[in-house]
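One letter stands for each residue in the lines below.
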Amino acid sequence: MEQKAKNVSPFSNKSRNAYVVEHLTGSMLALLEEKPIAEISISELCGMAGVGRTSFYRNYSDKEDIIKAYVERLFQDWAVQCKEAPDLPVREIVRIVFSHFEANRDFYSLLNKRGLVYLFKDIILDLCGFNPDQEMVAAYSSSYVGFFLYGWIEVWFRRGMKDTAEELTACLPQ
């Protein structure tokens, strides 16, 4: 009896998943250029990405999760810098964060245009180490830093993203 060759994808599960995430992210960003997120359907997004709805729901619970995951990946660059030196002065943290925003201005302009800046809040709180189960001082300290950064980021967007990282750090006491 002759065995037939199996029709197996050359991609591993990890590679297939990375492909799905990459294509859904790229498609979401392209569609956001055209219209608000509320006007983008899951079917349209999956069709443009060339993936099935099952693949979407395996990775995300809603459309905003795509943006959150992408922002988290982008934030990792500056988050690593801040975590490697936990005693950085606030001035340096502000410089690092806003240098990141300046370097990725087009992407963040798109999110601002589509009213999606609020998605940063929870990500920033997580990166600052906030956990409601922390001891009181730690919880309030980490939330203070997180909301401080989020507040400055939101004001920066509202002011038209015109202030540079250097100008913002100059606002802080030495």
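Procedures and definitions
- Residues numbered from 1 in each chain as written.
- Predicted model: local features only at pLDDT ≥ 70, side-chain atom pairs only at ≥ 80, totals over all residues.
- Heavy atoms only, no water.
- Salt bridge = Lys/Arg side-chain N within 4 Å of Asp/Glu carboxyl O.
- Buried < 20%, exposed > 50% of the residue type's maximum accessible area, 1.4 Å probe, protein only.
- Helix = DSSP H or I, 4+ residues; strand = E, 2+ residues; numbered from the N terminus.
- Contact = heavy atoms within 4.5 Å.
- Axes fitted to C-alpha atoms, helices over the stretch in contact; angles between N-to-C directions.
- Parallel < 35°, antiparallel > 145°, perpendicular 65-115°, else oblique.
- Left-handed = near helix turned anticlockwise from the far one by under 90°.
- Phe/Tyr/Trp six-rings, centres within 6.5 Å; stacked < 30°, edge-to-face > 60°.

A. Structural context of the pattern of salt bridges. Enumeration according to the criterion identifies six salt bridges in this entry. Among the ionic pairs, K121 bridges to D122, the shortest N-O distance being 3.8 Å. Judged by its relative accessible area of 30%, K121 is partly exposed. Across the salt bridge formed by D163 and R159, the nearest N and O atoms sit 2.8 Å from each other.

B. Summary view of unusual backbone geometry. The phi dihedral of M161 is positive, around 60°, even though this residue is not glycine. Position of M161 relative to the elements: it lies in the loop between α8 (136-158) and α9 (165-170). On the basis of relative accessibility, which here comes to 5%, the residue M161 falls in the buried class.

C. Main features of the environment of S143. Relative to the assigned elements, S143 resides in helix α8. Here S143 falls in the buried class, since its relative accessible area comes to 13%. Along the chain, S143 and F130 lie 13 residues apart, while their C-alpha atoms are 5.6 Å from each other. Aside from chain neighbours lying at most four places away, what touches S143 is L125 and F130.

D. Spatial organisation of the packing of helix α4 (residues 63-84) against helix α5 (residues 90-103). Running from N to C, α4 and α5 cross one another at 160°; their axes reach a closest spacing of 10 Å. Judged on the interaxial angle alone, α5 and α4 are roughly antiparallel. You can see that α4 and α5 cross each other, and the crossing is right-handed. Mapping the contact onto sequence places L74, F75, W78, Q81 and C82 in α4 and I93, I96, V97, H100 and F101 in α5.

E. Structural detail: the packing of aromatic side chains. If you walk through the whole model with that rule in mind, you get 18 aromatic pairs. Aromatic pair F56 and Y60: ring centres 5.9 Å apart, planes at 45°, arrangement tilted. Note on Y60: relative accessible area 7%, which makes it buried. Plain terms: the ring middles of F101 and F120 are 5.9 Å apart, the flat faces sit at 45° to each other, and that makes the pair tilted. Residue F101 is found in helix α5, and its partner F120 is found in helix α7 (residues 120-127); the two are separated by 19 residues along the sequence. Side by side, F101 and F120 carry an identical accessibility label, which is buried. Each residue in the set Y70, F75, W78, F98, F101, F107, Y108, F120, W156 and F157 is aromatic and connected to the rest through ring pairs, giving one cluster.

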